[in-house]
Amino acid sequence: MQTVAVIDYGMGNLHSVGKALEHVGAGKVLITSDAAVIREADRVVFPGVGAIRDCMAEIRRLGFDSLVHEVSQDRPFLGICVGMQALLERSEENDGVDCIGLFPGQVKFFGKDLQEDGAHLKVPHMGWNEVKQAVDHPLWHNIPDLARFYFVHSYYITAGNPRQVVGSGHYGVDFAAALAEGSRFAVQFHPEKSHTHGLQLLQNFAAWDGRW
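Definitions and cut-offs
Residues numbered from 1 in each chain as written. Predicted model: local features only at pLDDT ≥ 70, side-chain atom pairs only at ≥ 80, totals over all residues. Heavy atoms only, no water. UniProt positions renumbered as here; feature names shortened; annotations may be inferred. Helix = DSSP H or I, 4+ residues; strand = E, 2+ residues; numbered from the N terminus. Rg over C-alpha atoms; globule rule 2.2 N^0.38 Å. Buried < 20%, exposed > 50% of the residue type's maximum accessible area, 1.4 Å probe, protein only. Contact = heavy atoms within 4.5 Å. Areas by Shrake-Rupley, 256 points an atom, 1.4 Å probe, with all protein chains shown as cover. Lys, Arg positive; Asp, Glu negative; His and termini not counted. Charge placed at Lys NZ, Arg CZ, Asp CG, Glu CD. Pairing = 2+ DSSP bridges. Axes fitted to C-alpha atoms, helices over the stretch in contact; angles between N-to-C directions. Core = buried A, V, L, I, M, F, W, Y, C linked by side-chain atoms within 4.5 Å.

Going by what an unreviewed UniProt entry lists, the protein chain is known as Imidazole glycerol phosphate synthase subunit HisH and is assigned to Pseudomonas vanderleydeniana. Its UniProt record, at the heading Subunit (unreviewed entry), says of the protein chain: "Heterodimer of HisH and HisF." We quote the UniProt Subcellular location (unreviewed entry) comment for the protein chain here in full: "Cytoplasm".

1. Considerations on the overall build of the protein chain
The helix and strand tally for the protein chain stands at six helices and 15 strands. Taking 17 Å as the expected radius of gyration for a compact globule of 212 residues, we find that the protein chain reaches 16 Å, a close match to that expectation. Dimensions of the protein chain along its principal axes, counting C-alpha atoms only, are 55 × 40 × 30 Å. Taking all 212 residues of the protein chain together, the buried fraction comes to 52%. Within the protein chain, residue pairs in contact and separated by at least 24 positions form 70% of the contacts whose partners lie at least 6 positions apart. For the protein chain, the accessible area works out to roughly 9400 Å², and carbon and sulfur atoms hold 47% of it. Charge-centre separation for the protein chain: the mean point of 18 positive side chains lies 2 Å from the mean point of 25 negative side chains.

2. Quick notes on the sheet that holds strand β14 (residues 173–181)
Strand order across the open sheet formed by nine strands is β2-β1-β3-β4-β15-β14-β13-β10-β11, with mixed pairing between neighbours. On the outer flanks of this sheet lie β2 (28–32) and β11 (147–153), each paired with one strand and no other. Neighbour-to-neighbour, the strand axes of this sheet turn through a mean angle of 25°, independent of strand direction.

3. Quick notes on the environment of M84
Here M84 is to be found in helix α5 (residues 82–85). Note on M84: relative accessible area 0%, which makes it buried. Between the C-alpha atom of M84 and that of V135, which follows or precedes it by 51 residues, the distance is 19 Å. In contact with M84, not counting residues within four places along its chain, are G79, I157, A176, A177, A178, L179, A186, V187 and Q188.

4. Some thoughts on the nonpolar core
In terms of nonpolar packing, the biggest core is built from 72 residues, with L21, V45, F46, L87, W140, F185 and L201 touching the most fellow members. The greatest single-element share of this core, amounting to six residues, is contributed by β14. Ignoring anything within four residues of it in the chain, the contact list for L21 reads V4, V6, A26, V29, V45 and L202.

5. Description of the sheet that holds strand β6 (residues 97–98)
Consider a sheet: its strands pair through backbone hydrogen bonds, and that pairing is either parallel or antiparallel. Here four strands make up an open sheet; going across it, the order is β6-β5-β7-β12 and the pairing mixed. Every other strand in the sheet has two partners, leaving β6 and β12 (155–159) as the edge strands with one partner each. Pairing of strand β7 (residues 105–109) with β12, which is carried by five bridges, proceeds in the antiparallel orientation. Residue pairing for β12: K108 is matched across the bridge by Y156.

6. A few points about the UniProt feature "domain: Glutamine amidotransferase" (unreviewed entry) in the protein chain
Using the residue numbers shown here, the UniProt feature "domain: Glutamine amidotransferase" (unreviewed entry) corresponds to residues 6–205. The span residues 6–205 carries 24% helix and 34% strand; its end-to-end C-alpha distance comes to 13 Å.

7. Notes on the environment of I7
Mapped onto the elements of the fold, I7 is located in strand β1 (residues 3–7). Exposure remark for I7: the relative accessible area of 0% places this residue in the buried category. Distance from I7 to V45, taken between C-alpha atoms, is 6.2 Å for residues 38 residues apart in sequence. Beyond its immediate chain neighbours, meaning those up to four positions away, I7 contacts L14, T32, I38, V44, V45, F46, P47, F64 and V68.

Here is the structure:
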């Protein structure tokens, strides 16, 4: 049976992610902060919630910044929500925070006066939103284009390499909803809270060989 390591650095919605992975039959799901266990896993999930400064402080304290670079190179790797944002180069949050730098790009604030067609939009962006698929990636298998996923975020990603944007969303501004490169895939939305389509994405991740 394959193993799926969910990286625990004290800042993720780990229980619901783990349960969703078990629900789709992903294999033996290990929620762990043990670097040796993470290195031995067949695939790795990197979730996250909360303030990016606190997240990055714990990630660096535990040495997970270098570990993420290492384990995401040679096996299927999935970043979720703030776990995705932490993979970028830098975030505007908390007056600016340097992140892991796995993907080029920046994390920006939606702003306090976000508008669409003259109407004020609430921040954080919270709720269901369409994701436009840019490419035919294996993790989009059996998920229709413009399927709706569940988002909770005040900051959004502007990708440094447009070719890595495999899914995009719109909330006042266009933003990267999914990034991918090699065996790495990352999403701004919460697949574990996104019902049928989210579970399908996790099932696809469990079956993916990491090639694209």
